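# Structural overview
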Amino acid sequence: MGAALGAVPAPLPLKSTDSWQELTALLEHPEHPSRHVTRGVNLGGWLITEAWMNHSLFAGTGAADEFSLGARLGAEEAARRLSRHRETWITREDLMAIKAAGLESVRLPLGYWV
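Residues numbered from 1 in each chain as written. Predicted model: local features only at pLDDT ≥ 70, side-chain atom pairs only at ≥ 80, totals over all residues. Heavy atoms only, no water.

## Digging into a nonpolar patch on the surface
Definition in use: Candidates for patches are residues over 30% relative accessible area with no salt bridge; among them, like charges are joined within 9 Å and nonpolar side chains (Val, Leu, Ile, Met, Phe, Trp, Tyr) within 5 Å. Each accessible area value is a Shrake-Rupley result obtained with a 1.4 Å probe; residue values ignore everything except the protein chains displayed when judging cover. Take a side-chain nitrogen of Lys or Arg and a carboxyl oxygen of Asp or Glu: if they are within 4 Å of each other, that pair is a salt bridge. Helix and strand assignments come from DSSP, with helices taken as H or I runs of at least 4 residues and strands as E runs of at least 2, each series counted from the N terminus.
Residues Val 106, Leu 108 and Leu 110 make up a contiguous nonpolar surface patch of about 260 Å² in total accessible area. Counting through the fold element by element, Leu 110 comes out in the segment after β2 (105-107).

## Section: the packing of helix α3 (residues 66-73) against helix α4 (residues 75-88)
The line we're drawing: Working convention: axes come from line fits to C-alpha atoms, limited for helices to the stretch in contact. Angles between N-to-C directions cover 0 to 180 degrees. Note that the term roughly parallel is reserved for angles under 35 degrees, roughly antiparallel for angles over 145, roughly perpendicular for angles of 65 to 115, and oblique for everything else. In what follows, residue pairs with any heavy atoms lying within 4.5 Å of each other are defined as contacts. Polarity classes work like this: nonpolar for Ala, Val, Leu, Ile, Met, Phe, Trp, Tyr, Cys and Pro, charged for Asp, Glu, Lys and Arg, and polar for all others, with Gly in that last group.
Packing of α3 against α4 brings their axes to within 6 Å, and their N-to-C directions diverge by 135°. Taken together, the axes of α3 and α4 lie oblique to each other. Between α3, through Glu 66, Leu 69, Gly 70 and Leu 73, and α4, the contact on the second element is made entirely by Ala 75, Glu 77, Ala 78, Arg 81, Leu 82 and Arg 86. By residue class, the composition of the contact of α3 with α4 is five nonpolar, one polar and four charged.

Scope: geometric values only; no functional claims are made or implied.
Below is the structure:
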């Protein structure tokens, strides 16, 4: 039977009789998940934009985020700017550089509206 919805299963098979030495040995085992280091990058500012991250996109508007950008510029102009931004902020070349650097994880923040 699986874990209850929302419950987090215990990552280690511990019993109250386990000693600190046994616990330490388990954690130090080369195949334990905590021993693997994941190297990655965050692509923030690409699909979720805010003025503090994307100065040029918001320049001269007084807007702080996508919602207020649309309110200040109108839907058509805001969509034009956002489209241009998304096409140029992260490119295929950037993704190839991430791969070439040996990174294995990419964090891609998404808003519910994207």
